[in-house]
Amino acid sequence: MLTIQNFINGDFVDPISDEWIDNYCPANGFVYGKIPDSNKNDVQNAYLAASKAFSTWSKTTLEERSNILLKISELLEANLEHFAKAESKDNGKPVKLAASIDIPRAASNFRFFAHAITQFSSESHDSIGFNATNYTLRQPLGVVGCISPWNLPLYLFTWKIAPAIAAGNCVVAKPSEITPVTAYLLGDICNAAGLPKGVLNIIHGKGESTGQAIIEHPEIKAISFTGGTSTGAHIARTAAPMFKKLSLELGGKNPNIIFADCDYDDMLNTTVRSSFSNQGQICLCGSRIYVEAKIYEQFKTDFIAKVKALKVGPPNLDDTDIGALVSKPHMEKVLQYINIAKQENGTVLCGGNQVKPENHEQGYYLEPTVIEVSSNLCRVNQEEIFGPVVTVMSFETETEALQLANAVKYGLSATLWTNNLKRCMRFSQELQTGIVWVNTWMIRDLRTPFGGAKASGVGREGGFEALRFFTEPKNVCIKY
Ligand code: NAD
């Protein structure tokens, strides 16, 4: 049994209450560890450690901060296999995915912000006619809260922590209680890299208690949150009266719009990935597929053949394409949506069932599922399912495709497949999303602004946007 502890002031400690939560292995459904069920006293201790560290950390040179972040990145890379196995066991994702995407990206997050902070600058404004000049100071905020979800555990956790500490803040961070292990392992790496005590504090526990204590802490100045839209709305309601700075990266229901003039094979292979990578549990997955009518039947035949060839199985096997879903309740939620689709006259073209691999019968496995729908208004086309389920639907005209793509409450990302440049430019302007991918999916340049429109979030992460979020701009005006 793995016992996870909180990481406060550089030390690993039990929760004050001595209360714990079971941690499940999605591959076989067994409990394999316990994690702290932290309360507001643990959060207060983390806050006090962070607050004490802030006066020194905020004054360290950029070179010093940058070197420590680079060291964390190097140590993550040196321990890649260990982290990838831990992430796969905790989350259910194929170990080859954790080793090729999750852990390398966590290392990149630290490396990227180690460099970005040395290039971050602010503006000056010469007030002509007033004999005055203005410059903008960009100062760290103080103690900030970072809260992340379970789908890309270390990847998203570090995407917040790295810019926060690079900018000179100290952090109270909470990973998802469903996938706590790699965040726990990060504590050792931070100590080995020489991160001063208290700069990063990692508290484990449930959203409604531990997370709640972070968001309502009066001295935590900002919350960077990634998770569900309803949680984001609750955080906004809680934090707004305290005037906390908020960055909210929320749910998505992303369209994948396919025109007949695209590079067909490239589209097909990428669409399999954008539908089912990480068991469809990526906020950027293209879960609504719209195909131009003239290639619709061909697309269905070819797509379904490829989807049926995906291998569902234990995440530790090298030939597994689709691992386990993250938890039993989540698997049940996804199965429920498949039933809703049937009740709404959707046609399940492939998949739809639970899978029970040998010796893993209690694990949380589902077949990759493709559902044909006739109305964009059905629940499976409007609500985020966040599992290995996509819908397909045909369209006749460009106007119709755009209308279908935009007719949801979410606005995170969109993918467009076409070789028509004018159409590409029109769609890029008109799609109501924070990200548009044209003839590709999931290329991520860490300098770009990342985030969603509409119910998919507020604010942007990535590049200097993240460093702007984690700093307070102050205008200094000097008359001479
Ligand atoms: P969730 O909202 O249930 O939980 C996310 C985190 O918030 C967890 O750490 C949880 O413990 C915490 N939390 C829950 N209630 C809280 C509260 N009252 N106060 C403070 N913290 C609280 O989301 P999830 O199920 O872990 O993740 C899936 C969701 O995340 C999906 O909707 C997905 O689209 C979204 N997501 C968005 C992005 C993005 O970049 N936009 C990326 C990944 C996932």
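Anything mentioned here points back to the structure above.
How each quantity is defined
- Residues numbered from 1 in each chain as written.
- Predicted model: local features only at pLDDT ≥ 70, side-chain atom pairs only at ≥ 80, totals over all residues.
- Heavy atoms only, no water.
- Near = heavy atom within 4 Å.
- Polar contact = N/O pair within 3.5 Å; in protein donor to acceptor, adjacent residues only side chain to side chain.
- Areas by Shrake-Rupley, 256 points an atom, 1.4 Å probe, with all protein chains shown as cover.
- Helix = DSSP H or I, 4+ residues; strand = E, 2+ residues; numbered from the N terminus.
- Core = buried A, V, L, I, M, F, W, Y, C linked by side-chain atoms within 4.5 Å.
- Buried < 20%, exposed > 50% of the residue type's maximum accessible area, 1.4 Å probe, protein only.
- Contact = heavy atoms within 4.5 Å.
- Phe/Tyr/Trp six-rings, centres within 6.5 Å; stacked < 30°, edge-to-face > 60°.
- Axes fitted to C-alpha atoms, helices over the stretch in contact; angles between N-to-C directions.
- Parallel < 35°, antiparallel > 145°, perpendicular 65-115°, else oblique.
- Nonpolar A, V, L, I, M, F, W, Y, C, P; charged D, E, K, R; others polar.
- Patch = residues over 30% accessible without salt bridge, like charges linked within 9 Å, V, L, I, M, F, W, Y side chains within 5 Å.
- Salt bridge = Lys/Arg side-chain N within 4 Å of Asp/Glu carboxyl O.
- Pairing = 2+ DSSP bridges.
- Expected span 1.5 Å × (residues − 1).

A. Representation of the site of the ligand in the model. Near the ligand lie 29 residues; those nearest to it are Lys 174, Glu 177, Thr 231, Leu 250 and Glu 384. A distance of 3.3 Å separates an oxygen atom of the ligand from a polar backbone atom of Gly 207. Within the side chain of Thr 231, a nitrogen or oxygen atom sits 2.6 Å from an oxygen atom of the ligand. When the ligand is considered free in solution it has 850 Å² of accessible area, and contact with the protein chains removes 88% of it. Counting residues per element, the ones that place at least two in the shell around the ligand are helix H7 (207–215), strand S11 (222–226) and helix H8 (229–239). Looking at the shell around the ligand element by element, the count peaks at 4 residues for H7.

B. Looking closely at the nonpolar core. Leu 76, Phe 113, Leu 186 and Phe 303 are the most contacted members of the largest nonpolar core, which totals 121 residues. Element by element, the count of residues in this core is highest for helix H4 (residues 95–119), at 11 residues. Apart from residues no more than four positions distant in its own chain, Leu 76 is found in contact with Phe 83, Ile 103, Ala 106, Ala 107, Phe 110, Leu 154, Leu 186 and Ile 189. Counting 29 residues, the second-largest nonpolar core is a separate cluster that includes Phe 259, Ile 340, Val 389 and Leu 404.

C. Spotlight on the packing of aromatic side chains. A full pass over the atoms with the stated rule returns 12 aromatic pairs. Taking 5.0 Å as the distance between ring centres and 15° as the angle between the ring planes, the aromatic pair formed by Phe 299 and Phe 303 counts as stacked. One end of the pair, Phe 299, and the other, Phe 303, are both in helix H10 (residues 293–308), 4 residues apart, so they sit about a helical turn from each other. Each member of the pair Phe 299 and Phe 303 is classed as buried.

D. Focus on the packing of H4 against helix H5 (residues 153–166). Look at H4 against H5: their axes get within 8 Å of each other, and the N-to-C directions meet at 10°. On the basis of the axis angle, H4 is roughly parallel to H5. For the pair formed by H4 and H5, the contact residues are Ile 101, Asp 102, Ile 103, Arg 105, Ala 106, Asn 109, Phe 110, Phe 113 and Ile 117 on the first element and Pro 153, Leu 154, Tyr 155, Thr 158, Trp 159, Ile 161, Ala 162, Pro 163, Ile 165 and Ala 166 on the second. Of the residues that constitute the contact of H4 with H5, the class distribution is 15 nonpolar, 2 polar and 2 charged.

E. Region of interest: a nonpolar patch on the surface. A cluster of nonpolar side chains, namely Met 1, Tyr 24 and Val 31, defines an oily patch on the protein surface of about 320 Å² accessible area. Residue position: Val 31 is located in strand S5 (residues 30–36). When its relative accessible area of 33% is taken as the criterion, Val 31 is described as partly exposed.

F. Broad picture of the side chain of Thr 158. Counting through the fold element by element, Thr 158 comes out in helix H5. Thr 158 sits in the buried class, given a relative accessible area of 0%. Leaving out residues up to four positions away in the same chain, Thr 158 has contacts with Ala 106, Asn 109, Phe 110, Pro 163 and Leu 186.

G. Layout of the sheet that holds strand S18 (residues 369–372). With mixed pairing, 7 strands are arranged side by side in an open sheet as S15-S18-S19-S14-S13-S21-S22. Because the sheet does not close on itself, it has two edges, and the strands there are strand S15 (347–350) and strand S22 (435–438). Going from strand to strand, the sheet's axes swing by 25° on average, the running direction of each strand aside. Here S15 pairs with S18 via 3 bridges, running antiparallel. Counted as the bridge partner of Val 348 is Ile 371 from S18.

H. Region of interest: the pattern of salt bridges. All chains considered together, the criterion is met by 21 salt bridges. Notably, a salt bridge pairs Lys 174 with Glu 177, separated by 3.2 Å at the nearest N-O pair. With relative accessibility at 2%, the residue Lys 174 sits in the buried group. Measuring nitrogen to oxygen at the nearest pair gives 3.5 Å for the salt bridge that ties Lys 221 to Glu 219. On the basis of relative accessibility, which here comes to 38%, the residue Lys 221 falls in the partly exposed class.

I. Structural detail: helix H1 (residues 40–57). With 18 residues, H1 extends 24 Å between its outermost C-alpha atoms, agreeing within 8% with the 26 Å of an ideal straight helix rising 1.5 Å per residue. What H1 keeps buried is the set Asp 42, Val 43, Ala 46, Tyr 47, Ala 49, Ala 50, Ala 53 and Trp 57. If you check the start of H1, you find a side-chain oxygen 2.8 Å away from the backbone N of Asn 41, and it comes from Asn 39.

Shape descriptors only; they carry no functional weight alone.
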